Amino acid sequence: YPEDETSCWAVIGNPQFRSDVMDVHSRTAPPPIIHTAEEGIDKLVWREPLAGHVYAGGMDPSTGEGDDPMAFEIVDCVTGEQAAQLYGKADVDVCLGQVDRLAARYGALVNIERTGIGVPTVQRAMRFPWLSEHLWQQPWEKGVETKYGADATVINNAAGMAEVISGVNRGKYRPLGTDLIL
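A brief report on the enclosed structure follows.

Thresholds, definitions, all that
Residues numbered from 1 in each chain as written. Predicted model: local features only at pLDDT ≥ 70, side-chain atom pairs only at ≥ 80, totals over all residues. Heavy atoms only, no water. Core = buried A, V, L, I, M, F, W, Y, C linked by side-chain atoms within 4.5 Å. Buried < 20%, exposed > 50% of the residue type's maximum accessible area, 1.4 Å probe, protein only. Helix = DSSP H or I, 4+ residues; strand = E, 2+ residues; numbered from the N terminus. Contact = heavy atoms within 4.5 Å. Pairing = 2+ DSSP bridges. Phe/Tyr/Trp six-rings, centres within 6.5 Å; stacked < 30°, edge-to-face > 60°.

**Considering the nonpolar core**
By size, the foremost hydrophobic cluster in this structure holds 27 residues, and its most contacted members are F72, I74 and Y106. Those elements giving two or more residues to this core turn out to be β2 (41-45), β3 (55-60), β4 (70-76), β5 (82-88), α3 (92-106), β6 (109-112), α4 (118-125) and α5 (129-134). Apart from residues lying up to four places away in sequence, F72 is in contact with G57, G58, M59, A84, Q85, L86, V99, L102, A103 and V110. Grouped together as the second largest cluster of nonpolar side chains are five residues, A56, V75, C77 and I165 included.

Take a look at the structure:
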């Protein structure tokens, strides 16, 4: 289980992000401008949303029980910097509610890891207003491309985030108000 804000991206079989770059960023990152806690979830914000920027969010879901916390990161696809984070243990619906609000604030396209509890979490996310329209991976059949072009078999959070960021940088997505369009 991740013990800090970078290990969840580093301890996978096929790393999507360079560990040396993550190490530098973790040592040089400024302190958050907002740090609050609500219902067992810590919210940290380093940068407020910027006009013209596109944001992606990645969620590693949890039941809120045992040693496995939920983590949700928002990345600015223009700068590559982390903008905000949710982290902690709470009921899945409490976590999804906070993810929904934070993702809407940034206009973020969201990837939910689909291993273990992830599949039912994706299905439950469809009941939340922002998430129901802005999931990178919809709960559709394996091998079927989703609304935003992700193959539904891509389940790993880091791989999903890398694909979202890559799609933005290739011009596949562009901002339109707080929505993303193809």
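**What to know about the pairing of β4**
With seven of seven residues buried, β4 is to be regarded as a mostly interior element. Taking every second residue as pointing to the same face, both faces of β4 are buried, with M70, F72, I74 and D76 on one and A71, E73 and V75 on the other. Sheet topology note: the β3/β4 ladder contains six bridges and is antiparallel. Among the inter-strand pairings, G58 is bridged to a residue of β4, identified as E73. Here six bridges tie β4 to β5, and the two strands are oriented antiparallel to one another. Bridging from a neighbouring strand, I74 pairs with A84 of β5. In this antiparallel pair of consecutive strands, β4 and β5, the connection spans five residues, and G80 shows a positive phi of 80°.

**Thoughts on unusual backbone geometry**
If you check the backbone angles, E39 has positive phi at about 55° while not being a glycine. Along the chain, E39 falls in the loop between β1 (34-38) and β2.

**Describing the packing of aromatic side chains**
For the coordinates displayed, the defined rule picks out one aromatic pair. Consider the rings of Y55 and Y106, whose centres lie 5.1 Å apart with planes at 70°: the pair is edge-to-face. Of this pair, Y55 sits in strand β3 while Y106 is found in helix α3, placing the two residues 51 residues apart along the sequence. Each member of the pair, Y55 together with Y106, is buried.

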